[in-house]
Amino acid sequence: MNAQPQRIEHQLTDKGYVPVYTTAVIEQPWSNYTPIDHDVWAQLFERQQKILVGRASQAFLDAQRAMRMSAHEIPKFDELNRTLRAATGWELVGVQGLLPELDFFDHLANRRFPVTWWIRKPDQMDYLSEPDLFHDLFGHVPLLMNPVFADYMQAYGRGGVKAHGIGPEALANLTRLYWYTAEFGLIRDPDGLRIYGSGILSSKGESIHCLESDAPNRIGFDLERIMRTRYRIDTYQKTYFVIDSFEQLFEATQPDFRPIYARLALQDSIPAGDVLDTDLVYHRGSGEGWLADGDV
Ligand code: PHE
Ligand code: FE
């Protein structure tokens, strides 16, 4: 039997039409995966493993090794959960797909990461407009093994519940933070800029583009700058934000965001590709290196 995702309807949101799924947590229907499903996983896994050498952050590579996912078959959530719970107290829960914001925040606030149970079809290897099992499991889950990143994600969930109670603008500001960190973040590793955002880690094209192309901006992490910056969902990002460490990210997001939301409500948003005078811009140095303005 070939199990199908149960889509209920499509709903028009500010991100265009998005599929709406049941919000229930479901058991991973592991024995229903077809040989094609396992093969899609294997191909994507092997392809990204090669590309991510020298591109993914050391923290991601370490976490990935500790999780012991492999190419040979789609991992079982139950097995991953034994490892993950022991490491940081996080667990995966299976879901049909994208969740309403409040459901998503509530899972994160309780150290549960919702993972889409179904995997893309062979003709969708390079692009898919919504998260599937490969994006969620390969991209998001490993870093939940990292204690600091794990705490950041829980704090984000709590912050989401709070922002939801404040209003749509606050929620939009907070969503940009998630987008430019958990999904599309870069980190300054000892050997240069590296990827930790799962939207990049699970994409062959963007893994190369974000570090090798001269087109996008790479700008030092700045919380309010990020919260004002619009983003693209239909192309590679025009701007990536670079953190120095997960500690920096965690510390910077600890203060109460209420006064920040209030301040940002009076300011215009920033187009995705703009560079401001106040930005710390990273440029390629000689060889492998990267330099920020002001570095010697
Ligand atoms: N400090 C944020 C708030 O007061 C919560 C938060 C923490 C949000 C970490 C994102 C990441 O809303
Ligand atoms: Fe994602």
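Because the structure is predicted, anything quoted here is derived from the model rather than measured.

S.K.: Describe the coordination of the iron ion (ligand 2), with residues and values.
M.R.: With distances of 2.0 to 2.7 Å, the protein atoms coordinating the iron ion (ligand 2) are H135 (NE2), H140 (NE2), E183 (OE) and E183 (OE). Around the iron ion (ligand 2), the 4 donor atoms sit at angles spanning 52 to 138°, and that spread fits a shape best called irregular. If you list the donors of the iron ion (ligand 2) from N- to C-terminus, the spacing comes out as H-x4-H-x42-E. Taking relative accessible area as the criterion, H135 reaches 12% and is therefore assigned buried. Its relative accessible area of 6% is what places H140 among the buried residues.

S.K.: Can you tell me about the site of ligand 1, naming the residues and giving the values?
M.R.: Lining the immediate surroundings of ligand 1 are Y152, A155, Y156, G159, K162, L174, L177, T253, Q254, P255, D256 and F257. Q254 has a polar backbone atom sitting 3.4 Å from a nitrogen atom of ligand 1. Burial of ligand 1 by the surrounding chains reaches 93%, relative to a free accessible area of 320 Å². Sorting the residues of the shell around ligand 1 by element identifies α6 (147–166) and α7 (168–183) as the ones contributing at least two each. The leading source of residues in the shell around ligand 1 is α6, at 5 residues.

S.K.: Any chance you could break down the nonpolar core for me, citing the residues and the numbers?
M.R.: Among the nonpolar cores identified, the biggest contains 82 residues, and W41, F113, L137, V141 and M153 are the most heavily contacted of them. Of the residues forming this core, the biggest block, 8 residues, is contributed by α7. Beyond its immediate chain neighbours, meaning those up to four positions away, M153 contacts W90, L108, F113, L144, Y178 and A182.

Procedures and definitions
Residues numbered from 1 in each chain as written. Chains lettered and ligands numbered in written order. Predicted model: local features only at pLDDT ≥ 70, side-chain atom pairs only at ≥ 80, totals over all residues. Heavy atoms only, no water. Donors = N, O, S within 2.8 Å, 3.2 Å for Na, K, Ca; no water. Tetrahedral: all angles 85-135°; square planar, octahedral: opposite > 155°, others 65-115°. Buried < 20%, exposed > 50% of the residue type's maximum accessible area, 1.4 Å probe, protein only. Near = heavy atom within 4 Å. Polar contact = N/O pair within 3.5 Å; in protein donor to acceptor, adjacent residues only side chain to side chain. Areas by Shrake-Rupley, 256 points an atom, 1.4 Å probe, with all protein chains shown as cover. Helix = DSSP H or I, 4+ residues; strand = E, 2+ residues; numbered from the N terminus. Core = buried A, V, L, I, M, F, W, Y, C linked by side-chain atoms within 4.5 Å. Contact = heavy atoms within 4.5 Å.

Function-wise, these values are silent; they only describe arrangement.
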